[in-house]
Amino acid sequence: MLIFSVFKTLTDQQVTVELKNDLSITGILKSVDQFLNIRLDNIKVLDEGRHPHMMAVKNCFIRGSVVRYVQLPSEHVDTQLLEDATRREALSQVKR
Amino acid sequence: MDPSATGIQEPFDLIRLSLSERVFVKLRGDREVTGILHAYDGHMNLILSDVEETIMIVDTENAPDGTVNVAKRKMEMLFVRGDGVILVSPPSRA
Amino acid sequence: MSSLQGYVDRRVLLILQDGRAIVGTMAGYDQKSNVVLSDSKERVYSIDEGVEEIPLGLYLVKGDMVVLIGEIDEVLDQAVDLATVRAEPIMPIRY
């Protein structure tokens, strides 16, 4: 839930999603759901010369389960807030 | 050591106490990252900053003895999906 | 829900876990990202030859197999002569 919220705060920001098939796709984060499925707009595939498969694709849906990393815009991530929220969530999980 | 003194009773406590510290993460696919831990959840999804990733590439074609080539790269802020995580190691307190 | 809203009736590119690339018209989908494509074709990429298109017709793809679904800009797509495109197939997903 925490990570889902983080992604929601990053909508309309540029991110780079690296998939488990080694494709890297940069685009504007348009939406995210509880599975961390991701919608990207205005996409660009890294090393397009080697990966022309998505030349005519301008926006896409990425299944959360195939994501390896997402590079986030650090200027839009409040790390102190994240750590506090993480501690709070960790404690609430213990109490249940 | 007395578990109540360290505050560590279950595995995730170890990760919680590593928040805002540099951690080492071993991942599937012969990858490792180090970075400052800012968030995690029960799936071991992680958010790290000041990240350095190391990929070990075993060159079996040109070197049958298995020479390992290492590729490194740096990233400012990274979400790591939990299903790729093998282990998270807290900073050494030497 | 992030989801596939807005893709129905559009031409889409579907990338599967095994690296296959399928284009088709999105006829429908559900919560698990199961997808039905009509008038679909597999695009087979290779380094030695141009892209080969294999007609598949009506196709139901299980959500677990889906890596990515992209909306195709038809003007851009038609401007590309697939016979001249040389590329390695997309790698399969490795966990």
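Here's what I pulled together on the structure shown here. (Residues numbered from 1 in each chain as written. Chains lettered and ligands numbered in written order. Predicted model: local features only at pLDDT ≥ 70, side-chain atom pairs only at ≥ 80, totals over all residues. Heavy atoms only, no water.)

For the rest of this paragraph, the subject is the overall build of chain A. Each helix and strand in chain A was counted, giving 2 helices and 5 strands. Scanning chain A from its N terminus toward the C terminus, one meets helices and strands in the order α-β-β-β-β-β-α. For the C-alpha atoms alone, the extent of chain A along its principal axes is close to 50 × 25 × 20 Å. Considering chain A as a whole, with its 96 residues, one finds that 56% of them fall into the buried category. Sequence-distant contacts in chain A: of pairs separated by 6 or more residues, those separated by 24 or more amount to 44%. Charged side chains in chain A number 13 positive and 12 negative. The centres of these two groups are separated by 6 Å. (Helix = DSSP H or I, 4+ residues; strand = E, 2+ residues; numbered from the N terminus. Buried < 20%, exposed > 50% of the residue type's maximum accessible area, 1.4 Å probe, protein only. Contact = heavy atoms within 4.5 Å. Lys, Arg positive; Asp, Glu negative; His and termini not counted. Charge placed at Lys NZ, Arg CZ, Asp CG, Glu CD.)

Taken together, the contact between chain C and chain A spans 36 residues of the former and 29 residues of the latter. Around 2600 Å² of area is buried between chain C and chain A when both sides are counted, 60% of it from carbon and sulfur atoms. At the boundary of chain C and chain A, one finds 1 salt bridge. Between A:R63 and C:D64 there is a salt bridge whose closest N-O contact spans 3.8 Å. (Buried area = accessible area lost by both parts, 1.4 Å probe. Salt bridge = Lys/Arg side-chain N within 4 Å of Asp/Glu carboxyl O.)

As a further point, take a negative patch on the surface. All names here are of chain C. The grouping of D48, E49, E52 and E88 at the surface amounts to a negative patch. Residue placement: E88 occurs in the segment after helix 1 (74-79). Here E88 falls in the partly exposed class, since its relative accessible area comes to 44%. (Patch = residues over 30% accessible without salt bridge, like charges linked within 9 Å, V, L, I, M, F, W, Y side chains within 5 Å. Areas by Shrake-Rupley, 256 points an atom, 1.4 Å probe, with all protein chains shown as cover.)

Further remarks concern the environment of C:L16. Residue and element names in this part refer to chain C. Locating L16 in the fold gives a position in strand 1 (residues 11-16). Using a relative accessible area of 3% as the deciding quantity, one classes L16 as buried. Measuring from C-alpha to C-alpha, the distance between L16 and S38 comes to 16 Å, with 22 residues separating the pair along the chain. If near-sequence neighbours (up to four positions away) are discounted, L16 is found in contact with I22, V61, M65, V66 and V67.

Glancing now at the pattern of salt bridges. Tallied over the full model, the rule gives 24 salt bridges over all chains. With a closest N to O distance of 2.9 Å, A:E18 and A:R68 form a salt bridge. Highlighted residues: A:E18 in strand 1 (residues 14-19) and A:R68 in strand 5 (residues 67-71), separated in sequence by 50 residues. The exposure class of A:E18 is buried, given its relative accessible area of 6%. Take A:R68: its relative accessible area is 13%, and that puts it in the buried class. One salt bridge connects C:D39 with C:R11, and the closest N-O pair in it is separated by 3.7 Å. Remark: C:R11 occurs in strand 1 and C:D39 occurs in strand 3 (residues 35-44); sequence separation between them is 28 residues. What you see here is one network of salt bridges that share partners, running through A:E18, A:D22, A:R68, B:R31, B:E53 and B:R73.

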